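Residues per chain are reported as follows:
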Amino acid sequence: MNLLWLIPTLPFLGFTILVLSSGRMSRERARIVGVGSVALAFLATIYIATQYYAAAAHGLDHGAGFTVSLWPWITAGSLNLNFSLYLDGLSLSMLFVITGVGALIHLYASGYMWDDPDYTRFFTYMNLFVAAMLMLVLADNLVLMFLGWEGVGLCSFLLIGFWYKDPKNGYAARKAFVVTRAGDTAFAIGLFLLFRELGSLEIQEILHLAPENFEMGGNMPTLISALLLGGAVGKSAQIPLQTWLPDAMAGPTPVSALIHAATMVTAGVYLIARCHPVFLLSPIAMTMVASIGLITLLVAGFTALNQWDIKRVLAYSTMSQIGYMFLALGVEAWDSSIFHLMTHAIFKALLFLTAGSIILAMHHEQDIRKMGGLRKQLPVPFWCFLIGSACLIALPPTSGFWSKEPILLAAWEADPIFWYGAVFGAFLTAVYTTRLMLLVFFGTPEGGIPKTHEPKGWQLHPPLIILAGLSLVAGLFNLPAADVLPHAHEHHPPLWVEITGILLPVVGIFIGWQVFLKGRWQALRMESPAFDGLRKFLASGWGFDWLYDILLVKPFMALAKANRNDIVDLVPKAVVVASSQCYYFFSRGQNGQLRFYVATMAAAAIMIISLALFT
Amino acid sequence: MDLIQLLALMPLLIVGGVSIVLMLLIAFVRNHALTCFVTCIGLLAAMLTSINTIGDGIIQVTPLLVMDDFTRVFCALMIGISLAASWMAYTYMEASDEIREEYYILLALAALGGCVLIASNHFASMFIGIELLSVSLFAMVGYMVHGGKSSDITLEGGVKYMIMSGVSSSFLLFGVALIYAYAGILTIDFLAAPAGATLSQGYLIVGTSMLIIGLAFKLSWVPFHMWTPDVYQGAPAPVTGFLASGAKIAVFAFLIRFLIASGPDRIDLLLAGLTIMAVLSMLLGNLMALLQSNLKRLLAYSSVAHMGYMMVALIAAIKTGNISEDVAAEAIGVYMVAYALMTLLAFAVLSRLAALNSEYETGNIEMYGGLLYRHPWMATCMFVAFLGLIGMPLTAGFIGKYYLMLAGVDQQLWTLLWVLVAGSALGLYYYLKVILVMCKESQDDAPAELETPVASGFSGVLISGLCLMVLYVGIYPTPVIDWIQLALASL
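As the structure is a computational prediction, the values presented were derived from the model and not from experiment. (Residues numbered from 1 in each chain as written. Chains lettered and ligands numbered in written order. Predicted model: local features only at pLDDT ≥ 70, side-chain atom pairs only at ≥ 80, totals over all residues. Heavy atoms only, no water.)

Colleague: Before we go on, may I ask you to explain the overall build of chain A in this structure?
Modeller: In terms of regular secondary structure, chain A is built from 24 helices and 2 strands. Judged by the C-alpha coordinates and their principal axes, chain A covers about 110 × 65 × 55 Å. If you take every contact in chain A between residues at least 6 apart in sequence, the share linking residues at least 24 apart comes to 80%. Total accessible area on chain A is roughly 25400 Å²; 68% of this is exposed by carbon and sulfur atoms. Side-chain charges of chain A comprise 35 positive and 35 negative groups, with the mean position of each set lying 16 Å from the other. (Helix = DSSP H or I, 4+ residues; strand = E, 2+ residues; numbered from the N terminus. Contact = heavy atoms within 4.5 Å. Areas by Shrake-Rupley, 256 points an atom, 1.4 Å probe, with all protein chains shown as cover. Lys, Arg positive; Asp, Glu negative; His and termini not counted. Charge placed at Lys NZ, Arg CZ, Asp CG, Glu CD.)

Colleague: Where do I start with the interface of chain B and chain A in this structure?
Modeller: By a widespread convention, an interface's size corresponds to the accessible area lost as its parts come together. Each partner contributes residues to the interface: chain B has 36 residues there, and chain A has 25 residues. Together, Met226, Met288 and Leu291 of chain B form the three largest contributors to the area buried by chain B at its contact with chain A, with a combined 22%. On the surface where chain B and chain A come into contact, there are 0 salt bridges. Residue assignment for the side of chain B that touches chain A shows that the elements contributing at least two residues are α7 (151–183), α8 (201–218), α9 (227–234), α12 (271–289) and α13 (295–320) of chain B. Here the residues of the side of chain B that touches chain A sort into 26 nonpolar, 6 polar and 4 charged. (Buried area = accessible area lost by both parts, 1.4 Å probe. Salt bridge = Lys/Arg side-chain N within 4 Å of Asp/Glu carboxyl O. Nonpolar A, V, L, I, M, F, W, Y, C, P; charged D, E, K, R; others polar.)

Colleague: Please explain the packing of helix α5 (residues 102–119) of chain B against helix α6 (residues 123–141) of chain B as it appears in this structure.
Modeller: Each pair of packed helices gets described by two things: the angle between the helix axes and the distance between those axes. Residue and element names in this part refer to chain B. Contact geometry for α5 and α6: axes closest at 7 Å, N-to-C directions at 155 degrees. Judged by the inter-axis angle, α5 sits roughly antiparallel to α6. Crossing of α5 over α6 shows left-handed handedness. Where α5 approaches α6, its residues Tyr103, Leu106, Leu107, Leu109, Ala110, Leu112, Gly113, Gly114, Val116 and Leu117 are matched on the opposing element by Ser125, Met126, Gly129, Ile130, Leu132, Leu133, Ser136, Ala139 and Met140. Tallied by class, the residues present in the contact of α5 with α6 amount to 14 nonpolar, 5 polar and no charged. (Axes fitted to C-alpha atoms, helices over the stretch in contact; angles between N-to-C directions. Parallel < 35°, antiparallel > 145°, perpendicular 65-115°, else oblique. Left-handed = near helix turned anticlockwise from the far one by under 90°.)

Colleague: How do you make sense of the confidence of the model for chain B when you look at a structure like this?
Modeller: Atom-level detail of predicted coordinates should not be read off regions where pLDDT is low. Confidence in the prediction of chain B, expressed as mean pLDDT, is 89, and 94% of residues score 70 or more. Per-element confidence in chain B ranges from a low mean pLDDT of 66 for helix α11 (residues 264–267) of chain B to a high of 95 for α5 of chain B. (pLDDT = per-residue confidence, 0-100.)

Colleague: Is there a simple way to think about the pairing of strand β2 (residues 79–87) of chain A in this case?
Modeller: The two faces of a sheet get side chains in turn, since along a regular strand they alternate between them. Residue and element names in this part refer to chain A. For β2, a buried count of 7 out of 9 residues is recorded, marking the element as mostly surrounded by other parts of the structure. Sheet topology note: the strand β1 (residues 66–76)/β2 ladder contains 9 bridges and is antiparallel. Across the sheet, the residue bridging to Val68 is Leu85, located in β2. (Buried < 20%, exposed > 50% of the residue type's maximum accessible area, 1.4 Å probe, protein only. Pairing = 2+ DSSP bridges.)

Colleague: What exactly am I supposed to notice about unusual backbone geometry here?
Modeller: Residues apart from glycine generally show negative phi values, whereas peptide bonds are mostly found in trans. The omega torsion of the bond from Ile239 of chain A to Pro240 of chain A falls at 10 degrees, within 30 degrees of zero and hence cis. The topology assignment puts Pro240 of chain A in the loop between α8 (219–235) and α9 (244–247). The linkage connecting Val222 of chain B with the following residue, Pro223 of chain B, adopts the cis geometry, with an omega of 5 degrees. Structurally, Pro223 of chain B is set in the loop between α8 and α9. With a phi angle near 65 degrees, Glu332 of chain A is a residue other than glycine that sits in the positive phi range. Taking the relative accessible area as the measure of exposure, Glu332 of chain A reaches 33% and is therefore partly exposed. Phi at His364 of chain A takes a positive value of approximately 60 degrees, unusual for a residue other than glycine. Topologically, His364 of chain A is positioned in the loop between α15 (334–361) and α16 (379–393).

Colleague: Can you help me understand the packing of aromatic side chains in this one?
Modeller: The geometry of an aromatic ring pair comes down to the distance between the two centres and the angle between the two planes. All names here are of chain A. Under the counting rule described, the total for this entry stands at 46 aromatic pairs over all chains. Relative to Phe177, the ring of Phe157 lies with its centre 5.0 Å away and its plane at 50 degrees, an arrangement referred to as tilted. Highlighted residues: Phe157 in helix α5 (residues 142–160) and Phe177 in helix α6 (residues 167–198), separated in sequence by 20 residues. Classification of Phe177 as partly exposed rests on a relative accessible area of 26%. (Phe/Tyr/Trp six-rings, centres within 6.5 Å; stacked < 30°, edge-to-face > 60°.)

Colleague: Which parts of the structure should I look at to understand the environment of Pro379 of chain A?
Modeller: With respect to the element layout, Pro379 of chain A can be found in helix α16. Remark: the alpha-carbon pair of Pro379 of chain A and Phe441 of chain A, spanning 62 residues in sequence, is separated by 9.7 Å.

Colleague: Mind showing me how you'd approach helix α19 (residues 461–473) of chain A here?
Modeller: Each α-helix winds once per 3.6 residues, and so residues spaced three or four apart point in a common direction. All names here are of chain A. The end-to-end C-alpha separation of α19 is 19 Å, in line with the 18 Å expected for 13 residues at 1.5 Å each. For α19, the full list of buried residues reads Pro463, Leu464, Leu467, Ala468 and Ser471. All buried residues of α19 project into a common sector of 135 degrees when viewed along the axis, lining one side. Contact partners of the buried residues in α19: α3 (89–112), α15, α16 and α17 (399–414). (Expected span 1.5 Å × (residues − 1). Arc of directions from axis to C-beta.)

Colleague: Explain the side chain of Thr120 of chain A to me, please; I cannot follow it from the model alone.
Modeller: Residue and element names in this part refer to chain A. One can find Thr120 in helix α4 (residues 119–138). Residue class for Thr120 comes out buried when judged on its relative accessible area of 11%. Not counting residues up to four positions away in its chain, the partners in contact with Thr120 are Leu18, Ser21, Met25 and Ala30.

Colleague: Explain the state of the cysteines here, please?
Modeller: Disulfides are covalent bonds that link the sulfur atoms of two cysteine residues. Residues and elements named next belong to chain B. For the structure shown, the criterion picks out 0 disulfides over all chains. With no disulfide partner, Cys40 has as its closest neighbouring cysteine sulfur the one in Cys36, 4.1 Å distant. Cys40 gets classed as buried once you look at its relative accessible area, which sits at 13%. (Disulfide = S-S within 2.5 Å.)

Colleague: I'm lost on a nonpolar patch on the surface in this one. Help?
Modeller: Residue and element names in this part refer to chain A. A cluster of nonpolar side chains, contributed by Trp546, Leu547, Ile550, Leu551, Leu552, Val553, Phe556 and Met557, occupies part of the molecular surface with about 850 Å² of accessible area. Relative to the elements of secondary structure, Leu547 occurs in helix α22 (residues 544–562). Given a relative accessible area of 34%, Leu547 falls into the partly exposed group. (Patch = residues over 30% accessible without salt bridge, like charges linked within 9 Å, V, L, I, M, F, W, Y side chains within 5 Å.)

Here's what the structure looks like:
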C-alpha cells in the first residue's frame, strides 16, 4: 500500500520529463517515456491490487479502504486538508480502467500520431491527463478530487484543441472548457456547502457525517446533491450540459478514446458513486439522476441515428451509454453502474481506436457515406469493430450484455417507466450500431469501394486485439467495487421483462439490416423531403446548440459588445482625469514668480495663526 | 566651559575645524582631489566621534547647546549625509568647469549649522544654526553660476531661496520675540520658567504659530512649499541631495526637541493648522509630481509629499502627549533615516549621471529612456531608491511607512491615514513611470555622454553602499530602531 503514490506519480513524472525536454527529445525517446510511464503505472496498479486482495484476505473488512497520507496540503482555520490518497474497491476498479485501457490507448497512439510534428507535445498532455485522472479517483478529500477534476478538464481542453491551427478545433476546445466549467462551478459551490454544513471535506468523513447531520429528504442534502450532480452532468456530457462532447471529437482519435469515452467522461459517474450516501438522503436527487440518464440516453440515441461522421456517431453513443450509467445510479444499482462503466470503457475504447484505424486507412476521411465494403480490405478493424458493436448492442454473452442487463432489471424494479425508456434506448442502440457497421463495412457506396492504405507501425493492431478480447470476457470479472457500494436488491422481474430486454436489440439489428442493407422500409430512413426538418432537428442533437446560442451565447456576446468600454473602468478613468486636472490646476500656482510665492506664504501664515487663535 | 564640555562638543568642533582647515588649504594649494579627501576624512572623524560618545550622558555646553544621545545620533546622521554629499560632489564637480574647492567649505559650514540646530535647546542657538545652514545653502544652490546653459536657472534658484528664506526667518525671529515677550526667557522649555506669564496667552499662541511657520518653510510643508521645486531644480544635484535630506532632518530633529521641551499641550492649539498642512502636503505634493517631466522637480514634489507623511507621525506624537516614549516619535526618527538614505541614493545616481551629460539633470525624463541597458547598475540603484520611496517591502521605505501607519492607527487619525494611502497610490504612478522609462528599449537618439567618465568608480562605491543600506534597513531595521530609541530616551 505504501507504494500507492507511485501510480499517479509515474505518469506525472513522464509529463515532467516530456515538458522539460521542451521538444528537444527524439520521437523514439518520447514514445518510450510517454507510453512507458503509463504502462509502469499499470504494473504498479497490479502490484497494489495484489496487496489489496492480500490485505482483504487477512480479514480486512470488506469495503474498507486504505488511506495513504503523503503530506499536509492546506491548513487554514478549521480546514485541514492532507495530500492523501484513498484506495478501496471503487478506486481500484477505476485504477484498472485508467491505467490498463490508458496504457493500451497510449501504445496505439504512439503509432497513430507518429507522423505528427508535435509528437512530444501530444504525449506531454496525455501523461498529464492520466496523472490528473488518477489523482481524481485516488483523492481522499474533495478538494484534491477537484484538483484532479480541473486537471482532466484542462487536459481535455488542450487535447481537443491539439491541432490548434484549425480555428474550428480551437473553438471546439473552448466550448468544451466553458460548458464543463458551468458544471465545475456547481461542483465547487456544492463543496463549499458541504464544508459549511459538515465542517469537513474528507470524503470518508463526509459520508459518515452526512447521514447523521442531514435528515432524510431534507432540503440541504437535495441542494448539495443537485450541485454535485451539476458537476457530474457537465463532466459526463449529460443533458443539459451535453453539447460539448460531439464537438470534442475535433481532437485526435486516441484522445476521443481515452478522454471522451473511457475515462474523463465517466468521472461524473464516479463522483456520484463515491458520494452515494449523500445522494441516498435525497430521493428527489436520485430521481433527477435517473431521469437525466434516461432522457440523455434517448436523445443521444435518436441523434446517433442521424449522424454521418463516424466519430460523432460514437460520441453520441457514448453519451447514451453514460446515460445508462446515470440511470443505474439513479435506481440504486450502484455496482451495475460501475460495472457498465468498466465494460463500456473497454469496448468504447475499442470502437474508437478501430474507428481511428479506419480513418487512417481512409486518409482522414470520417464521413461514413464515403465508406462501405471495407471488411475485405481491413480485416482486423472489421472484426474488432464487430466485437465492439456486439458489446455496445449488448448481445449475450459479450461484456456489454452482462453489464447492461442488470441495469434494465434494476430500472424495472425502480419504476417501469425507466425500464420502457431504457429498453427502447437499447433498441435504438442496436439500430444505429447496425447502421454504422453496415455503412462502413458492407454494401457499396456510390463511388465504389474506396481504396485504403495500410497504416504503418506495429503499435496499431495489438491494442485492438487485446481490447477486443477483453470486451468479450470482461463480463466475467468480479468487480472489486461491489464491496464498497451497497448491494442492489435481488431482482425478480417477470420473465417477459427479461426476455424483452434480450430480444429487442436483436429486433433492432434485424430492422437495421433490412433498412440499411436490404433497402426495405425506406420510409424509416426518413429520406423524403417531408422529413427534412425533423432530420435536421435530430441530427443537430435536438437543437440544443441552437437553443443555447439564442439563450446564452448571443445575449452574452451582445452584453460584452455593449460593455466594450467597460463601465467599471469608468471609475479608474475618473480618478485619472481628476488627478491630472488637479495637477494642471495646482501647477498653475507654481509659476516661478517670487512675489506670488511670498504672497501665498503670507496668506497661509495669516490662516494658520487665525486657526490657532480662534479654535 | 571646562574640558568635559569641550570634549563633549568634539563632533561640532571637528566639523567647524574642517571648514577652517579647508579654507587655509585652498589658500595654498588648489587641488580638488585633496580638498575632497580632507573634507571626507574630517567629516568621517566627526561622525565616528559622535557615534563613539553615544551613551555619555547629558552634558549642557553653555546655555546654548546640549549634548545628549539625541544630539549625537542625529548629528552622526547629519554629518553622514554631508559626507555623502561631498563624496557624490567629487565626480560631479570634476566634470564641470566651475571653481570646485570652495563648495566643500560651504558644505562643512552647512553641516555645522545643522549640527548646531540639532544640539540647540535655546532659541538663540536655534537661530544661529538655522541661519548658518541656510546662508551656506544660498551659496551652494547658486554655486554653478558659470555652468553655461543652466547658469540662469541656478542663479534664479539661489536668489529665490535667499529671499524666501529671509521671509521665513523673519517669521521665525518674530515668533521667538513674541515667545520671549510672554515667557521672559529664550530656552525652548520656556514654560518651565519660574517668572510666569504676565502677558496674555495670545502672545504665546501667535509666537508659537510663527515659529512653526518659519520651520514649515524649511520643511516645505504646503502651502510654504512654493520654493521647493524651483530651488531643487536650480541647485546642483549633490546640493539638492543635501537640501532634501540633511537640511530637512536637522529642522525636524529640532522640531521634535522643541515639542518635547515645550510640552505638547501648548502645540495642541496648532493641531488644526498642522492637520491641514499635512493633508495638503500629502495631496498636493503627489498631485503636482504626477505629470512632472523633470526628474529633479519630480523629486522636489516627492519630498514635499514625504514631509507630509512624516507629519502624520508628528501629529500622532502631539496627540499622545508623552512624546519621548511613544511609537510616533520613533516613527519620525526611523522615517527620517529611511528617507535620507533613499533620497541620497537617488541624488547620488543623478549626480553621477549628470557628470556624464548635464542633460540628465536639466532635461526631460525621456532622457532616461533605456538607461537600464546603458548603465544597468545605475538604473538598478535608481530602481531601489524609487521602490524605497514608493514604500515597497524589503526597502527602508517600507519600514518607515509601516511605522508611520502604526503611529497613525495608534492615535486613530483615520482621515490622515486615508490621505496617506491615497497619496501613496498617486505616488506609485509617477515613481513607476520613471522606472518604466528607464526600462524602455534603448532608443536611437540616446544622449551623447562623456566618453571616459571621471572618477566614476569613486562615486560607484558610494552609490552601491547607499543602495545596500536601503535594502539592509529594509530587511533588518533593528539597529536603526535601536539607535532611534536610544536617542529618544535621552530627551
